[in-house]
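Examining the three-dimensional arrangement
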Amino acid sequence: MLEEYGVSRCLSRGQGRRVGGKRPPGTETGGMKALLLAGGTGRKMWPYSELRQKCALPVLNTPAVRLLAEDLLALGLEGLAVGLGEHPGSVRNALRGLPDARLRFVDVPRTAGTAAAAWTALSAMSGDPAAEDWLVVYGDMVTARENLAALIERFERERPDVAVLTAELGFEDGRDVIGVKVRDGRLVEVEGHSRDDVRRLCGAFVFSGRTVSALRDNPGIFRHVPVGGMPPSESDIGESLQMLLEEGAEIAGVECVEFFVDLDRPWHLLEANRHALAYRVARTDRDIIPASCRISDGAEIGGRLILGENTVIGNRTVISGTLFAGDHTGITNGPILQGDIFLGRDVKVRDYALLEGGTVCGDRGIYGHGSEFSGVAFDNVYLYHYCEMSGILGSSVDIGAATVCGTLRFDDRETSHIVNGRRETPKHGSNASYIGDYSRTGVNAIIMPGKRIGNHSCVGAGVVVYEDVPSRQIVTVRQELQRGPWGPERYGW
């Protein structure tokens, strides 16, 4: 929770607190209930969705779906249902500990699409979904609570037929998302994979009871696409919205006031963590240093410290940005933390290791002698000795000594990736390395820009990775030896 790290919020955690003499937006929900859809297959997120639901991926070391659930409950909603499909255990585990009285799990169709999944869940929650207003949120959305609060507040203030959250495309290609046209704060068109839209649906919607049947009556295919477009045969909430528009419904378009990221491809996880860290840093207004912490007089501290219990910052440590560090973390013997950094519990950063700004490291990781890392690491990641990595490292990844990854191509271009059989060139994170869970490298491995390594895989010593490595595969190199005579006679003796 942000308050645990000394972060001031402009929104309340309950319904009774007021800010600036006014009730915070979104805290008067009038008994509204929410549905969090967390059941998609997530195949485009490979390798990280192979072993878990993609909405359970970590953002600042907390599953994204938990961050959403905590925000929704904090906004005063009457109840929260979670639609489960692919990898349901990872979602249940991510939400463990939230109040059972306000949380309900519902099984939803796994391949039928978001509209069908939402209608199935709402019908299971209520005998008559049309009798209530519903907030429907995609579980793979990473955003700030202010955006959700603004959506609820707009709906309750104006009482349109539907209110939806929208955002500018940013790094994304409009042909990869559900685009919208907004005029004077109202949606006028929804189009799938548009060539010219500059705004998109974010995945948060408030349906009034009088419009929720549009989810049930979705045709099962996204009909509103550009000429020549080829939509899949599944129901999408975007098509239900366009149906309502053609029937004359009023749909309010609410613009994001804070960051938003859709977790759809691996590089989006880098983007989400970067935005979430910047958001948290901007709201950090004081140091938190428990009495159990030890900070050497020989450390060079150039930013704020938000530390857990028993954290140690040793001699010759250099910290130039805001540091968040969990309990029992040790930063000792000359490491350099170059910018804003987020570390989990029981992390060891030592012996002149270098962490670059924007890096997020999970619990129990080790970043040892001369290692360099930039990106997102899950729990139990080891960079023990002299290696250079940039990208995403899954759970329990072990990087061998002298393993390096390339981040700049010889032609200075971005790397294209094959995602579900389609070639894509992301505008951010294209040249990063993406290593799946429970994988490892041998010494002196080289990973070329933008390559992905699957789960439970091994890259052997001296291997140069020019192509993606599938899950459950080992790649080794066999050296061909050339033998010949040698001795003093070679020097003329």
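Since the structure is predicted, the reported quantities are computational estimates derived from the model, not experimental observations.

Now for the overall build of the protein chain. Within the protein chain, the secondary structure is distributed over 7 helices and 40 strands. For a compact globule of 493 residues, the expected C-alpha radius of gyration is about 23 Å, and the protein chain comes in at 25 Å, within 12% of that figure. Once the C-alpha set of the protein chain is aligned to its principal axes, its extents read approximately 100 × 60 × 35 Å. Burial analysis of the protein chain (493 residues in total) assigns 55% to the buried set. By sequence separation, contacts in the protein chain at least 24 residues apart represent 49% of the contacts at least 6 residues apart. Distance from the positive charge centre (55 side chains) to the negative charge centre (64 side chains) of the protein chain: 2 Å.

The subject of this paragraph is the packing of aromatic side chains. Aromatic ring pairs are described here by two measures, namely the spacing of the ring centres and the angle between the planes. On inspection of all chains with the given rule, the structure shows 9 aromatic pairs. Summarising the aromatic geometry, the rings of Trp267 and Tyr434 are spaced 6.1 Å apart at their centres and angled 70° between planes, so their arrangement reads as edge-to-face. Here Tyr434 lies in strand β34 (residues 433-435) and Trp267 lies in helix α7 (residues 266-282), a separation of 167 residues in the sequence. For the pair Trp267 and Tyr434, a shared accessibility class is recorded, and that class is buried.

A large share of strand β4 (residues 79-84) lies buried, amounting to 6 of its 6 residues. Going residue by residue along β4, you find Gly79, Ala81 and Gly83 tucked away on one face and Leu80, Val82 and Leu84 tucked away on the opposite face as well. Pairing between strand β1 (residues 33-38) and β4: 6 bridges, direction parallel. Pairing of Leu37 across the sheet is with Gly83, part of β4. The pairing of β4 with strand β5 (residues 103-107) spans 5 bridges and is classified as parallel. Within β5, the residue paired with Leu84 across the bridge is Asp107. Between β4 and its parallel partner β5, the chain crosses via helix α2 (residues 88-94), and the hand of that crossover is right-handed.

Of all 10 residues in helix α6 (residues 237-246), 9 are buried, a share of seventy percent or more. Residues of α6 that are buried include every one of Ile237, Gly238, Glu239, Ser240, Leu241, Gln242, Met243, Leu244 and Leu245, and no others. Phi turns positive, to about 95°, at Gly248, one or two residues after α6.

You can see Arg102 is positioned in the loop between α2 and β5. Judged by relative accessible area, which is 28%, Arg102 ranks as partly exposed. It is 8.0 Å that separates the C-alpha atoms of Arg102 and Leu73, two residues lying 29 residues apart in sequence. What Arg102 contacts, discounting residues up to four positions off in sequence, is Leu73, Gly76, Leu77, Glu78, Gly79 and Leu80.

Now for helix α4 (residues 145-158). Look at α4: 20 Å from first C-alpha to last across 14 residues, which is about the 20 Å you get at 1.5 Å a residue. Inspection of α4 places Arg145, Glu146, Asn147, Leu148, Ala149, Leu151, Ile152, Arg154 and Phe155 among the buried residues, and these make up the whole buried set. Note on α4: the residue one or two positions beyond its end, Arg159, has a positive phi of about 50°.

On to a nonpolar patch on the surface, then. Judged by side-chain polarity, Ile289, Ile295 and Ile301 come together as a nonpolar surface patch covering roughly 210 Å² of accessible area. Judged by its relative accessible area of 34%, Ile301 falls in the partly exposed class.

What follows covers the confidence of the model for the protein chain. For the protein chain, mean pLDDT is 90; residues scoring 70 or higher make up 92% of the total. For residues 1-28, every residue scores under 50 in pLDDT, and the model assigns this stretch 65 contacts once sequence neighbours within four places are set aside.

In this section: the side chain of His417. Inspection of the secondary structure puts His417 in strand β32 (residues 417-419). In this view, His417 contacts Trp267, Arg422, Arg423, Glu424, Pro426, Ser430, Tyr434, Gly450 and Arg452; residues no more than four positions away in its chain are not counted.

What follows is about the nonpolar core. Counting 38 residues, the largest nonpolar core has Leu36, Leu80, Val82 and Leu135 as the members making the most contacts within it. Excluding anything up to four places from it in sequence, Leu135 contacts Met32, Lys33, Ala34, Leu35, Leu72, Leu77, Leu151, Ile152, Phe205 and Val206. Within the second largest apolar cluster, 36 residues are counted, among which are Leu305, Ile331, Leu337 and Cys361.

Now for the pattern of salt bridges. The full count for this structure, using the stated rule, is 32 salt bridges. Close ionic contact of Glu70 with Arg66 constitutes a salt bridge, the shortest N to O distance being 3.0 Å. Of this pair, Glu70 and Arg66 are both found in helix α1 (residues 64-74), 4 residues apart, which corresponds to roughly one turn of the helix. The pair formed by Glu70 and Arg66 is uniform in burial state, with each residue classed as buried. With a shortest N-O distance of 4.0 Å, Arg199 and Glu255 are connected by a salt bridge. Here Arg199 is found in strand β11 (residues 199-207), whereas its partner Glu255 is found in strand β12 (residues 251-255), with 56 residues between them in sequence.

By secondary structure assignment, the location of Asp176 is in the loop between β8 (162-168) and β9 (178-183). Given the relative accessible area of 23%, Asp176 is considered partly exposed. Residue contacts for Asp176: discarding those within four places in its chain leaves His193, Arg265, Arg422 and Glu424.

Here is what the cut-offs are and how they apply
Position labels on residues start from 1 in each chain and follow its written sequence. Owing to the predicted nature of the model, reporting of local features is limited to residues with pLDDT of at least 70; listing and counting of side-chain atom pairs is limited to 80 or more, with chain, interface and lining totals taken over all residues. Note: side-chain values were computed over all heavy atoms of the structure, leaving out hydrogens and water. For the purposes of this entry, the term helix denotes a DSSP run of H or I that reaches at least four residues, the term strand denotes a run of E that reaches at least two, and both are numbered from the N terminus. Put simply, the radius of gyration uses C-alpha atoms, and a globule should come to 2.2 Å times the residue count raised to 0.38. Partly exposed describes any residue whose relative accessible area lies between the buried limit of under 20% and the exposed limit of over 50%, with all areas from a 1.4 Å probe on protein chains only and scaled to the type maximum. When checking whether two residues touch, look at their non-hydrogen atoms; a contact exists if any pair is within 4.5 Å. Positive: Lys, Arg. Negative: Asp, Glu. His and the chain ends are not part of the count. By convention, the point assigned to a charge is CZ for Arg, NZ for Lys, CD for Glu and CG for Asp. Geometry of aromatic contacts follows a simple scheme: Phe, Tyr and Trp rings, the Trp one being its six-membered ring, pair when their centres are within 6.5 Å, and the pair is stacked under 30 degrees between planes, edge-to-face over 60, tilted otherwise. Two strands are counted as paired when DSSP detects at least two bridges linking them. With strands facing away from the observer, any crossover in which the path from the first strand over the helix to the second runs clockwise is taken as right-handed. Given a helix with a known number of residues, its expected span is that number minus one, times 1.5 Å. The residues that make up patches have over 30% relative accessible area and no salt bridge, and they are joined within 9 Å when like-charged or within 5 Å when they are Val, Leu, Ile, Met, Phe, Trp or Tyr. Using a 1.4 Å probe, the Shrake-Rupley method yields the accessible areas, and only the shown protein chains count as cover for residues. Any carboxyl oxygen of Asp or Glu that lies within 4 Å of a side-chain nitrogen of Lys or Arg is treated as forming a salt bridge with it. Confidence per residue, as judged by the predictor, is encoded in pLDDT with a range of 0 to 100. What is meant by a nonpolar core is a set of buried Ala, Val, Leu, Ile, Met, Phe, Trp, Tyr and Cys residues, joined one to another through side-chain atoms within 4.5 Å.

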